[in-house]
2 protein chains.
Amino acid sequence: MADKQDDKDVPQSYGLLLFPQFEVLDAAGPIEVLNVLSNYFVDSKINLSVITPNKDLVSPGVGQNFLGNQLYKPTHSLDDAPPLDVLIIPGGRGTTGTNEELRHLLDFIRDRFNGASGHAPLKYVFSICTGSDLLARAGVLDDRRATTNKRAWTRVTPDGPKTHWVANARWVESGRVWTTSGVTAGIDGMAALVGKIYGEEVAQKHVRVTDPSNDPFAEQNGCKDVLPLRNT
Amino acid sequence: MADKQDDKDVPQSYGLLLFPQFEVLDAAGPIEVLNVLSNYFVDSKINLSVITPNKDLVSPGVGQNFLGNQLYKPTHSLDDAPPLDVLIIPGGRGTTGTNEELRHLLDFIRDRFNGASGHAPLKYVFSICTGSDLLARAGVLDDRRATTNKRAWTRVTPDGPKTHWVANARWVESGRVWTTSGVTAGIDGMAALVGKIYGEEVAQKHVRVTDPSNDPFAEQNGCKDVLPLRNT
């Protein structure tokens, strides 16, 4: 089929990067898409690793009046994560730390994206919501197009000064870098990526938005494109 | 404020019931709503317990080509769960077992809903997707209105022969029983319940569908209302 990848390039090893105060729906939306659509893959398996900084249990971000525990148990740490073809990165309050606080996460993302420490470069990196802030700070978005949560627009876009930030986008595909907008946009974005990798007939099993510029939140939040700073 | 509950009736103890092969997004959607909107509660806290049958780690349902682990760590078992005001029940393949296989879950739901074993009756039970099948089999939907995932319509509705099953509904409120339609409808339904409990001004912080009959999946799947069997 012309609309899907050659079999030799089909990703098999997926990683979900979780960290304290990630946004729960950012992570769950794309994983739901993979859980469901993997029923329809032909001659492909996917193997998901759930990766946290030190293999600790992690809890998502909650409101100030929320008590109780929501605990996610990882399969790997940053240090022992297996070779990965696709890395999925949610957003959330956990992306707002300083570069120093987030250094291990940023190093992991940069190394895996570029290929380092004996690992092949990622075939795809996929961020949801403010997960793109981690990509920007890791340098992955330099000289690329990207988007992010429109409610965090003015916070995130300065972290990618060499990036063309696209306001009116539920998701943006820029080579092997896919960034999606707020929270539920990750669902539609992942369905689009599944369509690219496994064929559109698989993705069509999922009810979804298929127009990446269908994003009412850009206008609602008064977001305009942000262009890369000129190197002058 | 006239549009929210008296403070004395405001729920404080929430339970999320998880079981093997639950649908990951069914659970994550409403929890995301609570995580976010609990920032805006006034004079209210919510305390969430995550409850699994034997306090085992549970994994959601995945496709036949999906490998790897997605592990959720509970805080309680069915036997040691604390007093609850609200019980949230996702759907998924895990709801398709026999009544005998699901007996502990069904007993727990029935006992907590009705008030048994020294516990006060739930203030609300809230199901997502085919979680309503568990409610139906526990008898909770008898003489009530309810809905479910439109793709599972013909499987689920016979399990509630005394129920008026509403086809064109993203969610249905029937007293203290709230049932929602497929997967993401749980997000809008939970926002509506938050509006009822904590006031509409809290719920409006969330971008959402506010018309419960806004459900294109009913027509798409050819679902018509199913009325209770007459006791003749």
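Residues numbered from 1 in each chain as written. Chains lettered and ligands numbered in written order. Predicted model: local features only at pLDDT ≥ 70, side-chain atom pairs only at ≥ 80, totals over all residues. Heavy atoms only, no water.

1. Looking at the overall build of chain A
Consideration 1: For chain A, the count of helices and strands is 7 helices and 11 strands.
Consideration 2: A globule of 232 residues ought to have a C-alpha radius of gyration of about 17 Å, and chain A, at 17 Å, matches this closely.
Consideration 3: Expressed as a percentage of its 232 residues, the buried residues of chain A come to 57%.
Consideration 4: Looking at chain A alone, contacts between residues at least 24 apart form 73% of all its contacts between residues at least 6 apart.
Consideration 5: Summed over all atoms, the accessible surface of chain A reaches about 9600 Å², with 47% contributed by carbon and sulfur.
Consideration 6: If you average the places of the 24 positive and of the 28 negative side-chain charges in chain A, the two averages end up 1 Å apart. (Helix = DSSP H or I, 4+ residues; strand = E, 2+ residues; numbered from the N terminus. Rg over C-alpha atoms; globule rule 2.2 N^0.38 Å. Buried < 20%, exposed > 50% of the residue type's maximum accessible area, 1.4 Å probe, protein only. Contact = heavy atoms within 4.5 Å. Areas by Shrake-Rupley, 256 points an atom, 1.4 Å probe, with all protein chains shown as cover. Lys, Arg positive; Asp, Glu negative; His and termini not counted. Charge placed at Lys NZ, Arg CZ, Asp CG, Glu CD.)

2. What about the pattern of salt bridges?
Residues and elements named next belong to chain B.
Consideration 1: A full pass over the atoms with the stated rule returns 18 salt bridges over all chains.
Consideration 2: One salt bridge connects Asp-107 with Arg-110, and the closest N-O pair in it is separated by 3.0 Å. Placement of the pair is Asp-107 and Arg-110 together in helix α2 (residues 103–114), with a separation of 3 residues, close to one helical turn.
Consideration 3: The exposure class of Arg-110 is partly exposed, given its relative accessible area of 28%.
Consideration 4: Measuring nitrogen to oxygen at the nearest pair gives 2.7 Å for the salt bridge that ties Arg-170 to Asp-188. Remark: Asp-188 occurs in helix α5 (residues 185–198) and Arg-170 occurs in the loop between β9 (164–165) and β10 (171–174); sequence separation between them is 18 residues.
Consideration 5: By relative accessible area, Asp-188 is classed as buried at 6%. (Salt bridge = Lys/Arg side-chain N within 4 Å of Asp/Glu carboxyl O.)

3. Observations regarding the relation of the copies chain B and chain A
Consideration 1: Mapping chain B onto chain A calls for a rotation angle of 180° and an axial translation of 0.0 Å; the resulting RMSD is 0.0 Å. Such a turn and shift between the copies fits a two-fold axis. Of every C-alpha in chain B, the one belonging to Tyr72(B) sits nearest the axis of rotation, 2.5 Å from it.
Consideration 2: Both copies present the same face, since 100% of the interface residues in chain B are matched by interface residues at the equivalent positions in chain A. (Least-squares fit on C-alpha atoms with pLDDT ≥ 70 in both.)

4. Here we look at the packing of aromatic side chains
Consideration 1: For the structure shown, the criterion picks out 7 aromatic pairs over all chains.
Consideration 2: Taken together, a centroid distance of 3.8 Å and an interplanar angle of 10° make the contact between Phe41(A) and Tyr198(A) stacked. Of this pair, Phe41(A) sits in the loop between α1 (24–37) and β2 (46–52) while Tyr198(A) sits in helix α5 (residues 185–198), placing them 157 residues apart in sequence.
Consideration 3: According to the relative accessible area criterion, Phe41(A) is buried, its value standing at 7%.
Consideration 4: For Tyr198(A), a relative accessible area of 5% corresponds to the buried category.
Consideration 5: Geometrically, the ring pair formed by Phe22(B) and Tyr72(B) is edge-to-face, given 5.3 Å between the ring centres and 85° between the ring planes. Linking Phe22(B) in the loop between β1 (13–17) and α1 (24–37) with Tyr72(B) in strand β4 (residues 71–73), this pair joins segments that are 50 residues apart in sequence.
Consideration 6: The exposure class assigned to Tyr72(B) is buried, which follows from its relative accessible area of 12%.
Consideration 7: Ring pairing ties together the aromatic residues Phe22(A), Tyr72(A), Phe22(B) and Tyr72(B), which thus form one cluster. (Phe/Tyr/Trp six-rings, centres within 6.5 Å; stacked < 30°, edge-to-face > 60°.)

5. Overview of the interface of chain B and chain A
Consideration 1: Counting residues at the interface gives 44 residues for chain B and 44 residues for chain A.
Consideration 2: Around 3600 Å² of area is buried between chain B and chain A when both sides are counted, 55% of it from carbon and sulfur atoms.
Consideration 3: Summed over the three residues of chain B that lose the most area to chain A, namely Asn35(B), Asn65(B) and Phe66(B), the buried surface amounts to 18% of that side.
Consideration 4: Between the two partners, chain B and chain A, sit 28 residue pairs in polar contact (both at pLDDT 80 or more).
Consideration 5: Elements represented by at least two residues in the side of chain B that touches chain A include exactly α1, β2 (46–52), β3 (66–68), β4 and α7 (216–220) of chain B. (Buried area = accessible area lost by both parts, 1.4 Å probe. Polar contact = N/O pair within 3.5 Å; in protein donor to acceptor, adjacent residues only side chain to side chain.)

6. Observations concerning the environment of Arg170(A)
Consideration 1: By relative accessible area, which is 10% here, Arg170(A) ends up buried.
Consideration 2: Among the polar contacts listed, one links the side chain of Arg170(A) to the side chain of Asp188(A), at a separation of 2.7 Å.

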